[in-house]
Amino acid sequence: MSEYPRRRRVVSRGTIRDDVERELESHVQMRTDELMQDGWSREEAEAEARRLLGPRAEIARQCESISRSHERVARRWRAMDTVVQDLKYATRTLLRSPGFAVVAVVTLALGIGANTAIFSVVDGVLLEPLPYPDSDELVRVHERNRDGGPMNVAWANFQDWRSESTVFDGLFAFGIGQTTVLGGERPLTTGVATMTQAMWATLAVAPVQGRFTLPEDHVPGAAPVVVVREGFWRNELGARPMDGLRLELNGVTATVVGVAPESLDFPVGSSLWVPAEILGPMSTSRTAHNWRVVGRLSEGVSAEGAEEQVDGLTRRIVQSEPDADPDYLATGALVRPLQDVMVGSARAPLLLLLGAAGVVLLIACTNLASTLLARGANRSRELAVRSSLGAGRGRLLRQLTTESLVLAAGGAIAGVALGSLLVALLKRLGPGSVPRLQSVAIDGSVLLYAVALSAGTAVLFGLLPAARLVRRSPVDDLRQGGRGNALGGRSAAWTLLVGSEVALALVLLVASGLLVRSFRSALAVDAGFDASDVITAPLSLSRVKYETPAEHAAFYRRIVSDLAEEPAIESVGVLSVIPLGRFFPTGRVELDDDLEKQANAGYVLASPGAFQALDIPLLEGRAFTERDEAGAPWVAIVSRSFADEYWPGEPAVGRTVSGGGMDDLWEERPFSRVVGVVGDVRFQELTGEARPTVYFPLAQRPFRIQFGSTLVAESASGDAATVGPLLRSMLQEADPDIPVSLATQEEIVGSSLAGREFTMLLLAGFSILAVILAVVGIYGVVSYSVATRTKEMGIRLALGADRRGVVELVMKSAMGMVAVGLLVGGVAAYFTGSVVEGMLYEVGPRDPMTLLGGVALLTLAATLASWFPAYSGTRVDPMVTMRAE
């Protein structure tokens, strides 16, 4: 390839000015001669010529500007030509080594693809603004509990905030629940939000069809109306005209008045919105924390400023309730950006995964840097020849950097394609706890990130080898004929590179090991029930067909009785809440016939057979039976932790407990006699402590089952899936308007750990990829070392050295580099364990067994990666090798 000599600036400002002066003077003389031929005297002709030419200084300035512009264009074209030649040469060079090029592109594609996919999720979930105008002004307003944490809001407090605060342009309360909806193409259980009217203006959204709710729709006693989401309107209602379109939900028939845009996924999972006042009179208690509140900050007001005002207001208004239980009153208020609250617990895992993907990319770059460093030895003669022909170090450095950029570009294209596949996979397998995951896509910002990442990787893996190569003396390289140590001091460089790979891989390996051990610990927890053979069916009956709680209880009694007679079912029952079902009501109860003697507990309704279906152990007394019906003596069952906490060292059977403020028996307030004690059940999460719980017979306190309950059936064969078709057919036969959705209890348990499992699997995948890349890097470096030491090894073998000794000599050098990486990585892993500490369960962030296991695994992998090329090098005939040298 021809080389461009170094060019000097041949056009200067002075040169241009002289040229312009000469040109202008030439024009003046030509015009003067023409005028003299017409009879003018020389003096008159020259004066007229200069007058006709115009302002000479201005013309000179314009000509100078044009000339400089042409020179800039020429320089750009020369630079472009040089870049094109560099690109062509780099492409030809890489095509001559297709194996190296493919491995390099695949290595980069893995790193860039992983980073692109995870950044897409981080961008879509954490960085992308909420789909509402000026979404940074939206905040979530919480009450503060006695521990200083957030909790939901009492309706009375919300009303006071709305009327007395001055820091919000809009403030609304909302709630959400799963409700059976009739009137569409089929019976359906879907998310129905109850909200106050200010929601629409606060979120600044407009209807797709019809209208949103009006102030007159939010008056107690108003005709029920409902707004539906666009997807629900099209898929479940067939996009029918809204004139006369009605739905039955929450026991009322509501008229559809409008269609909200599909982008309005608020609260998350909502398909329908109804006025909160449809529920009837609101509780005036300041200890009934049932509502969530969102506001839009007024102009110039910060979240901190809003919190200061609302916190002071809350402290003042709760003092007006001297008779309320202080344990359940708010102690203040908290104001947080809505996006931060919606992201919630997804932030830490996603940032951890983004960091892990970045580590994988660093390992890939380090791997390629060591490979390029070794490959450069074979090109030392080529570079020496080019240098001796006049190519400067800058020119050579640019050429080598161009080759790195070509590799990075290929890796970027393949990486973005791989990232798109990974994003689709993450959207399919990701847990529902990650908000807005389904809207994640490879967009412009992600592509820009990929481009920046590719340029950065080119610098990371290409700069060090290129810089070391161009510093070599061409005379030395030509004398050695390309056979010698063209990479003087390579041992230190390779120790740095290989050690870095091993250290980074060890950090990822230990972090993923901690999460794996934590996940295994969570699975091994005694949850207090057996999920292996249980199938569940959440049920929500129409409150139009079943008007009273007693009618609900009667239906459940019939269906449980019919299912219990089926041979395929071992036992069956109904629970108001099921373990790990993401809802667990807790509150105050009273003890021992004394309204002043209070306790805090979970509140669960259960039918006969429910404990048996879930294999919840009965420790004392008896379980519920058919005799525990309405009108029979009030009875209850308590959990072991409840008995131990409130009646320590005393028999629990025979004591009494009330339903407290968690049912509708406000006036009668009966106490139930405890007839049994059962084992503790982890209703909320496997990794949390079991809460003290009180169970009441479903037939005696059926108020809460109007809003939904769950049928649980234990398979006689031990396979829960075999009971599914029978359960579905019998429920549909009992009431065709019941939407049937079945899930095994094992699936529910798995869903409760989905977020933890998602993070663990991705981090484990990254760590495995990191180990593979590190092993490939070690293998490549040792292979090159063996290749360059072939003559030395041949001489040793010819002089009688043992092959085993030669292998050990090579491996000693290789494992020295690995040992440095293990030492640095071990220290880093020890201290970075705190990054995942919040995601661990029953495993310490500096668990020595996990650290030692990671070190042992990497040591074994590195040993194998070093042994194979070392052993292969000793298989060569020493005489053949020496003749070749």
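Residues numbered from 1 in each chain as written. Predicted model: local features only at pLDDT ≥ 70, side-chain atom pairs only at ≥ 80, totals over all residues. Heavy atoms only, no water.

Caption draft 1: Spotlight on the overall build of the protein. From N to C terminus, the protein includes 25 helices and 23 strands. By the burial criterion, 49% of the 885 residues in the protein qualify as buried. Counting contacts in the protein only where the partners sit at least 6 residues apart, residues at least 24 apart contribute 80% of the total. For the protein, the exposed area adds up to about 41,200 Å²; of that, 56% sits on carbon and sulfur atoms. (Helix = DSSP H or I, 4+ residues; strand = E, 2+ residues; numbered from the N terminus. Buried < 20%, exposed > 50% of the residue type's maximum accessible area, 1.4 Å probe, protein only. Contact = heavy atoms within 4.5 Å. Areas by Shrake-Rupley, 256 points an atom, 1.4 Å probe, with all protein chains shown as cover.)

Caption draft 2: Structural context of helix H20 (residues 745–752). All buried positions along H20 are accounted for by Gln745, Ile748 and Val749. Take H20 and look down its axis: the buried residues cluster within an arc of 100 degrees, on one side only. Among the structural elements, strand E13 (534–539) and strand E23 (743–744) are those in contact with the buried residues of H20. (Arc of directions from axis to C-beta.)

Caption draft 3: Layout of the pattern of salt bridges. Evaluation of the coordinates by the stated rule reveals 21 salt bridges. Note that Arg622 and Asp628 form a salt bridge whose closest N and O atoms lie 2.9 Å from each other. Across the pair Arg655 and Glu650 runs a salt bridge, and its minimum N-O distance is 2.6 Å. Residue class for Glu650 comes out partly exposed when judged on its relative accessible area of 44%. (Salt bridge = Lys/Arg side-chain N within 4 Å of Asp/Glu carboxyl O.)

Caption draft 4: Region of the structure containing the nonpolar core. By size, the foremost hydrophobic cluster in this structure holds 99 residues, and its most contacted members are Phe529, Phe611, Tyr695 and Phe766. The greatest single-element share of this core, amounting to 14 residues, is contributed by helix H21 (residues 754–788). Contact partners of Phe529, with chain neighbours within four places excluded, come to Pro579, Leu580, Leu614, Asp615, Ile616, Val681, Arg682, Gln745 and Val749. Counting 44 residues, the second-largest nonpolar core is a separate cluster that includes Phe555, Leu591, Leu605 and Val674. (Core = buried A, V, L, I, M, F, W, Y, C linked by side-chain atoms within 4.5 Å.)

Caption draft 5: Here's a closer look at the side chain of Thr32. Take Thr32: it is sitting in helix H1 (residues 13–37). Using a relative accessible area of 0% as the deciding quantity, one classes Thr32 as buried. When sequence neighbours within four positions are dropped, the list of residues in contact with Thr32 reads Arg42, Ala45, Glu46 and Ala49.

Caption draft 6: Representation of a nonpolar patch on the surface in the model. Taken together, the side chains of Tyr779, Leu860, Leu864, Trp867, Phe868 and Tyr871 define a hydrophobic patch exposed on the protein surface, amounting to about 590 Å² of accessible area. When residues of the nonpolar patch are assigned to their parent elements, the largest contribution, 5 residues, is made by helix H24 (residues 848–873). By the element assignment, Leu864 lies in helix H24. (Patch = residues over 30% accessible without salt bridge, like charges linked within 9 Å, V, L, I, M, F, W, Y side chains within 5 Å.)

Caption draft 7: Structural context of the pairing of strand E8 (residues 246–249). Relative to strand E9 (residues 252–260), E8 is paired through 4 bridges, and the arrangement is antiparallel. Each residue of the ladder has a partner; that of Leu247, found in E9, is Ala254. The hairpin formed by E8 and E9 contains 2 residues between the paired strands, and Asn250 there has a positive phi angle of roughly 55 degrees. (Pairing = 2+ DSSP bridges.)

Caption draft 8: Seen up close, the environment of Leu407. By the secondary structure assignment, Leu407 is in helix H12 (residues 393–429). The residues contacting Leu407, other than those within four sequence positions of it, are Leu94, Phe100, Ala101, Ala104, Val105, Leu108 and Phe461.

Caption draft 9: Spotlight on the packing of helix H5 (residues 155–164) against helix H8 (residues 303–318). The interhelical angle for the contact between H5 and H8, taken along N-to-C directions, is 130 degrees, at an axis separation of 10 Å. Classed by the angle they form, the pair H5 and H8 counts as oblique. Crossing angle aside, the handedness with which H5 passes H8 is right-handed. Residues Asn157, Asp160, Trp161 and Glu164 of H5 form the contact with H8, whose own contacting residues are Val310, Leu313, Thr314, Arg316, Ile317 and Val318. Per-class residue counts for the contact of H5 with H8 are 5 nonpolar, 2 polar and 3 charged. (Axes fitted to C-alpha atoms, helices over the stretch in contact; angles between N-to-C directions. Parallel < 35°, antiparallel > 145°, perpendicular 65-115°, else oblique. Left-handed = near helix turned anticlockwise from the far one by under 90°. Nonpolar A, V, L, I, M, F, W, Y, C, P; charged D, E, K, R; others polar.)

Caption draft 10: Here's a closer look at the environment of Phe696. Within the element layout of this structure, Phe696 appears in strand E21 (residues 693–697). For Phe696 and Ala636, which are 60 residues apart along the polypeptide, the C-alpha to C-alpha distance reads 4.8 Å. If near-sequence neighbours (up to four positions away) are discounted, Phe696 is found in contact with Tyr603, Val604, Leu605, Ala606, Phe624, Val635, Ala636, Val657, Ser658, Gly659, Ser672 and Arg701.

Caption draft 11: Structural view of the packing of aromatic side chains. Under the defined criterion, the tally for this structure stands at 19 aromatic pairs. Between Phe611 and Tyr695, the aromatic rings sit 5.0 Å apart at their centres with planes inclined by 80 degrees, giving edge-to-face as the arrangement. Placement of the pair is Phe611 in helix H17 (residues 610–613) and Tyr695 in strand E21, with a sequence separation of 84 residues. On the basis of an interplanar angle of 50 degrees and a centroid distance of 4.9 Å, the ring pair of Phe642 and Tyr646 is categorised as tilted. Placement of both Phe642 and Tyr646 in helix H18 (residues 640–646) is noted, with a separation of 4 residues, approximately one turn of the helix. Judged by relative accessible area, which is 0%, Phe642 ranks as buried. The lysine or arginine in question, Arg701, covers the ring of Phe696, its NZ or CZ lying 4.2 Å from the ring centre. (Phe/Tyr/Trp six-rings, centres within 6.5 Å; stacked < 30°, edge-to-face > 60°. Lys NZ or Arg CZ within 6 Å of the ring centre and 35° of its normal.)

Caption draft 12: Layout of unusual backbone geometry. In this chain, Phe266 is followed by Pro267 through a cis amide linkage whose omega measures -10 degrees. The backbone of Ala204 shows a phi angle near 60 degrees, a positive value even though the residue is not glycine. Inspection of the secondary structure puts Ala204 in the loop between helix H6 (199–203) and strand E6 (209–210). On the basis of relative accessibility, which here comes to 36%, the residue Ala204 falls in the partly exposed class. Of note, the phi angle at Asp615 is positive, near 55 degrees, even though the residue is not glycine. Asp615 sits in the partly exposed class, given a relative accessible area of 34%.

Caption draft 13: Spotlight on the packing of helix H16 (residues 549–564) against helix H19 (residues 724–734). With their axes 11 Å apart at the nearest point, H16 and H19 run at an angle of 140 degrees to one another. Between H16 and H19, the angle falls in the class oblique. For H16 against H19, the interelement crossing comes out right-handed. Facing H16, whose interface residues are Phe555, Ile559, Asp562 and Leu563, H19 presents Leu727, Met730, Leu731 and Ala734.

Caption draft 14: Expanded view of the pairing of strand E5 (residues 188–195). In terms of burial, E5 is a largely internal element, 7 of the 8 residues being buried. Taken together, the 8 bridges between strand E4 (residues 168–181) and E5 define a ladder with antiparallel strand orientation. Bridge assignment links Val181 to a residue of E5, and that residue is Leu188. The turn linking E4 back onto E5 is made up of 6 residues, and Gly183 within it adopts a positive phi angle of 115 degrees. Strand direction decides the pairing type here: E5 and strand E10 (residues 270–275), joined by 5 bridges, are parallel. Across the sheet, Val192 pairs through a bridge with Leu272, a residue of E10.

Caption draft 15: A look at the confidence of the model for the protein. With 85% of its residues at a pLDDT of 70 or more, the protein has an overall mean of 82. Predicted confidence is poor over residues 481–490, with pLDDT under 50, and the contacts of this stretch with residues over four places away or in other chains come to 26 contacts. (pLDDT = per-residue confidence, 0-100.)

Caption draft 16: Inspection of the environment of Ser639 at higher detail. Mapped onto the elements of the fold, Ser639 is located in strand E18 (residues 635–639). Distance in space between the C-alpha atoms of Ser639 and Asp680 is 5.4 Å, their sequence separation being 41 residues. Beyond its immediate chain neighbours, meaning those up to four positions away, Ser639 contacts Val677, Val678, Gly679, Asp680, Arg691, Pro692 and Thr693. Within the local environment of Ser639, its side chain forms a polar contact with the side chain of Asp680, the two groups lying 3.4 Å apart. (Polar contact = N/O pair within 3.5 Å; in protein donor to acceptor, adjacent residues only side chain to side chain.)

Caption draft 17: A look at the side chain of Thr314. Of note, Thr314 is situated in helix H8. Taking relative accessible area as the criterion, Thr314 reaches 0% and is therefore assigned buried. Among the polar contacts made by the side chain of Thr314, one reaches the side chain of Trp161 at a distance of 2.9 Å.

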